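Structure at a glance
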Amino acid sequence: MRLANLPPADPMRTDRARRRRPVRRGFSLLELLAVLVILGITLTIAGVETMKALRRNGLNSLTQTIQMMATRAYLESQRRSAMMFLRIGNATASGPTVIQLWADDPNGDPVGNPPGTLVMPPYGTVDPAKDTLLEEHTIDPAAISLSLAVAGQIASANWSSSSTDVTVDHLLACDTFGRTINPATTQQIAATATLDLTLPTMTGALAPASGFKGFELRISPAWTVQLVEIRS
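Report follows, based on the coordinates.

Conventions and cut-offs
- Residues numbered from 1 in each chain as written.
- Predicted model: local features only at pLDDT ≥ 70, side-chain atom pairs only at ≥ 80, totals over all residues.
- Heavy atoms only, no water.
- Helix = DSSP H or I, 4+ residues; strand = E, 2+ residues; numbered from the N terminus.
- Pairing = 2+ DSSP bridges.
- Phe/Tyr/Trp six-rings, centres within 6.5 Å; stacked < 30°, edge-to-face > 60°.
- Buried < 20%, exposed > 50% of the residue type's maximum accessible area, 1.4 Å probe, protein only.
- Polar contact = N/O pair within 3.5 Å; in protein donor to acceptor, adjacent residues only side chain to side chain.
- Contact = heavy atoms within 4.5 Å.
- Core = buried A, V, L, I, M, F, W, Y, C linked by side-chain atoms within 4.5 Å.
- Salt bridge = Lys/Arg side-chain N within 4 Å of Asp/Glu carboxyl O.

1. Looking at unusual backbone geometry
Phi at Ser81 is positive, roughly 55°, even though this residue is not glycine. Of note in this structure, Trp223 is not a glycine but carries a positive phi near 55°. As for its position among the elements, Trp223 is in the loop between β9 (212–219) and β10 (225–231).

2. Considerations on the sheet that holds strand β1 (residues 84–90)
Reading across from one edge, β3-β2-β1-β5-β6-β7 is the order of the six strands in this open sheet, with antiparallel pairing throughout. Of all the strands in the sheet, just β3 (132–139) and β7 (187–188) have a single pairing partner and so form its edges. Across five bridges, β1 lies against strand β5 (residues 170–174) in antiparallel orientation. When the sheet's bridge partners are listed, Leu86 is paired in β5 with Leu172.

3. Brief notes about the packing of aromatic side chains
By the definition in use, this model includes one aromatic pair. Centre to centre, the rings of Phe212 and Phe215 are 5.2 Å apart; their planes meet at 65°, and the pair counts as edge-to-face. Owing to a relative accessible area of 7%, Phe212 belongs among the buried residues under this scheme. Take Phe215: its relative accessible area is 9%, and that puts it in the buried class.

4. Describing the side chain of Glu216
If you trace the backbone, Glu216 turns up in strand β9. A distance of 2.7 Å separates polar atoms of two side chains, one belonging to Glu216 and the other to Arg218. For Glu216, the contacting residues outside a window of four places in its chain are Thr194, Leu195, Asp196, Gln226, Leu227, Val228 and Ile230.

5. Re the sheet that holds strand β8 (residues 193–197)
Two strands in a sheet stick together by hydrogen bonds in their backbones, pointing the same way (parallel) or opposite ways (antiparallel). Overall, antiparallel pairing links the four strands, which are arranged β4-β8-β9-β10 in an open sheet. Two strands lie at the open edges of the sheet, namely β4 (156–157) and β10, each paired on one side alone. Pairing of β4 with β8, which is carried by two bridges, proceeds in the antiparallel orientation. Looking across to β8, one finds that Ala157 is bridged to Thr194.

6. Things to note about the nonpolar core
Among the nonpolar cores identified, the biggest contains 34 residues, and Leu86, Leu172, Leu195, Ile219 and Trp223 are the most heavily contacted of them. Put simply, the parts of the chain that give this core at least two residues each are α2 (29–80), β1, β2 (97–103), β3, β5, β8 and β9. Considering each element in turn, this core owes the most residues, six residues, to α2. Every residue in contact with Ile219, bar those within four places of it in the chain, is listed here: Ala70, Leu86, Leu172, Thr180, Ala191, Thr192, Ala193, Thr224 and Val225. Formed by seven residues, the second largest nonpolar core is a distinct cluster that contains Phe85, Leu118, Leu171 and Ala173.

7. A look at the pattern of salt bridges
Tallied over the entire structure, the rule returns eight salt bridges. Its salt-bridge partner being Glu216, residue Arg218 comes within 2.7 Å of it at the nearest N-O pair. For Arg231, the salt bridge is made with Glu229, and the minimal N-O distance between the two is 2.7 Å. Overall, Glu229 belongs to the partly exposed group, its relative accessible area being 37%. Salt bridges here are not isolated pairs; linked through shared partners, they connect Arg72, Glu76, Arg79, Arg80 and Glu135.

Dropping the structure here:
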């Protein structure tokens, strides 16, 4: 088989074809760095917003839980024909704040104390001769604040104590007539009892100038429970 004699390649034509061929190039180092910076900023903003949303959801969930617990206090007082106690305080020598619901057992009241005295067995134990813990919820002071003014404190009105110290017991009672009672005086409270709840990052000077600031739990003298959103 004979090969046909082909004309020699035109060098100028070959050079033109080479010039028309697209040149492939990658990203420069500066372009890659710019993309990484933009991506990092975007992820940081998204992470902060996600964390804020999670904390806000946690606050919403807890406030609704406390509202239901307060409502349960009235229902249990009718069902058990016994006084119910809402208690806010530190359950142990050191640890997070707790909100508890106790059922009164008059047989467990110490001699000389009036009926309706909260008598708790040692924490974590059960004593049938003493009052009964029905419900408890733990509050992490780093995540939830019980004061709109100062994180780590408690702001309540018309409870058994006006102290801002979370380790001091704050009690509120519902008797069998559905009345709001101050256990410190055993008298019906004439005004609405309140409790503030917010995020530590929204207390005091950190609170937004406008918009949502937190919630306030309100229990009327006739033990009507409301949860009010506080806005500036």
